Amino acid sequence: MNSAPAQSACRLSSSAAGYVMDEIADGIFWLGDGSYQNMFVVTDEGVIAIDAPPTLGNNILRAIDRVTKKPVTHVVYSHHHSDHVGAMSIYPERAPRYAQRATAQRLELLADPHRPPATEIFDDAITIDAGDHTLRLEYPGPNHSEGNSFRPPRLAVSAGRLHPWKALTPPPGRLRSGQPV
Ligand SMILES: [Zn+2]
């Protein structure tokens, strides 16, 4: 019923930095450059990073560094298109990389060093337990691309008792997707 966007807890940067970052829920950050976006979740163990558009590139790491000194411990591919994940190689190689099976297969075929292969592969759903946050990835079937593991409203995050399995509803206008590559 309540579809109002999450209130922004803080706006941490300006367009002068080449990106804008908002904390859209407790420990959950949205990062955008006007065309593409990335999300990351700061847990008490580390950071779960979702996607890495090349247009944001290392600004993603700079943005993370502004809010936490914790390492990136988990990496999520929403899908395989390079405009959204073509800079995934910025994340630590040791971090497990999650992808739906169709996405994982495409990454293998592409053999792109900037889109390293998935290490954690799922078919229908998978839950990432990382400290005080839980991230559930679901695959409802082909949508934007085959293997697109979730659309943002399906991104469910639990942050202790404060946001039990809260379904995030990103603010309007933030879901614009780039052209498939
Ligand atoms: Zn795409």
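Bear in mind the structure is a predicted one, so any value in this text is a computation, not a measurement.

Calculation criteria
Residues numbered from 1 in each chain as written. Predicted model: local features only at pLDDT ≥ 70, side-chain atom pairs only at ≥ 80, totals over all residues. Buried ≥ 20, exposed ≤ 12 C-beta atoms within 10 Å, placed from the backbone. Helix = DSSP H or I, 4+ residues; strand = E, 2+ residues; numbered from the N terminus. Arc of directions from axis to C-beta. Contact = placed C-beta atoms within 7 Å. pLDDT = per-residue confidence, 0-100. Pairing = 2+ DSSP bridges. Right-handed = clockwise from strand over helix to strand, strands pointing away. Core = buried A, V, L, I, M, F, W, Y, C linked by C-beta atoms within 7 Å. Axes fitted to C-alpha atoms, helices over the stretch in contact; angles between N-to-C directions.

### Observations regarding helix α1 (residues 59-67)
Along α1, the residues that are buried comprise N59, I60, A63 and I64. Buried residues of α1 fall within an arc of 140° about the axis and therefore sit on the same side. Contacts from the buried residues of α1 go to β1 (20-25), β2 (28-32), β3 (37-42) and β4 (47-50).

### Here's the deal with the confidence of the model for the protein
Mean pLDDT for the protein: 78, with 73% of residues reaching 70 or above. Ranking the helices and strands of the protein by mean pLDDT puts strand β5 (residues 72-76) first, with 96, and strand β11 (residues 163-167) last, with 36. Counting contacts from residues 1-9, a segment whose pLDDT is below 50, to residues more than four positions away or on other chains yields 13 contacts. Predicted confidence for residues 158-181 stays below pLDDT 50, and this span has 53 contacts to residues more than four positions away or in other chains.

### Quick notes on the pairing of β4
Residues V47 and A49 of β4 are buried on one face, and the alternating residues I48 and I50, pointing to the opposite face, are buried as well. Relative to β4, β3 runs antiparallel, the two being bridged by four bridges. Within the sheet, the bridge partner assigned to V41 lies in β4 and is I48. Linkage of β3 to β4, two consecutive antiparallel strands, is achieved through a turn of four residues. Summarising the sheet, β4 and β5 pair through four bridges and their orientation is parallel. Bridging from a neighbouring strand, I50 pairs with V76 of β5. In this region the chain leaves β4, passes through α1 and returns to the parallel neighbour β5; the handedness of that crossover is right-handed.

### A word on the environment of R136
Locating R136 in the fold gives a position in strand β9 (residues 133-138). Taking C-alpha positions, R136 is 5.8 Å from I126, a pair spaced 10 residues apart along the chain.

### Considerations on the nonpolar core
One broad trend across soluble globular proteins is that nonpolar side chains are buried collectively. By size, the foremost hydrophobic cluster in this structure holds 36 residues, and its most contacted members are F29, L31, F40, I48, A49, A52 and V76. Apart from residues no more than four positions distant in its own chain, A49 is found in contact with F40, V72, V75, V76 and Y91.

### Observations concerning the environment of P113
Tracing the backbone shows P113 in the loop between α3 (101-110) and β7 (120-122). Distance from P113 to M88, taken between C-alpha atoms, is 8.9 Å for residues 25 residues apart in sequence.

### Here we look at α3
Taken residue by residue, α3 has T103, A104, R106 and L107 as its buried positions. Each buried residue of α3 sits inside an arc of 165° when the element is viewed along its axis, so together they form one side. Exposed side chains of α3 directed beyond 90 degrees from the buried face belong to E108 and L109.

### Quick notes on the pairing of strand β6 (residues 97-100)
Here β6 shows a buried face lined by R97 and A99 and a second buried face lined by Y98 and Q100. Note: β5 against β6, two bridges, orientation parallel. Pairing of V76 across the sheet is with Y98, part of β6. Bridge count for β6 against β7 is three bridges, and the pairing is parallel.

### Re the sheet that holds β1
Reading across the sheet, the seven strands line up as β1-β2-β3-β4-β5-β6-β7 and stay open at both edges, with mixed pairing between neighbours. With one partner strand each, in any of the chains shown, β1 and β7 form the two edges of the open sheet. Taking the axes of each pair of neighbouring strands and ignoring which way they run, one obtains an average angle of 20° across the sheet. Examined bridge by bridge, β1 and β2 share five bridges and lie antiparallel to one another.

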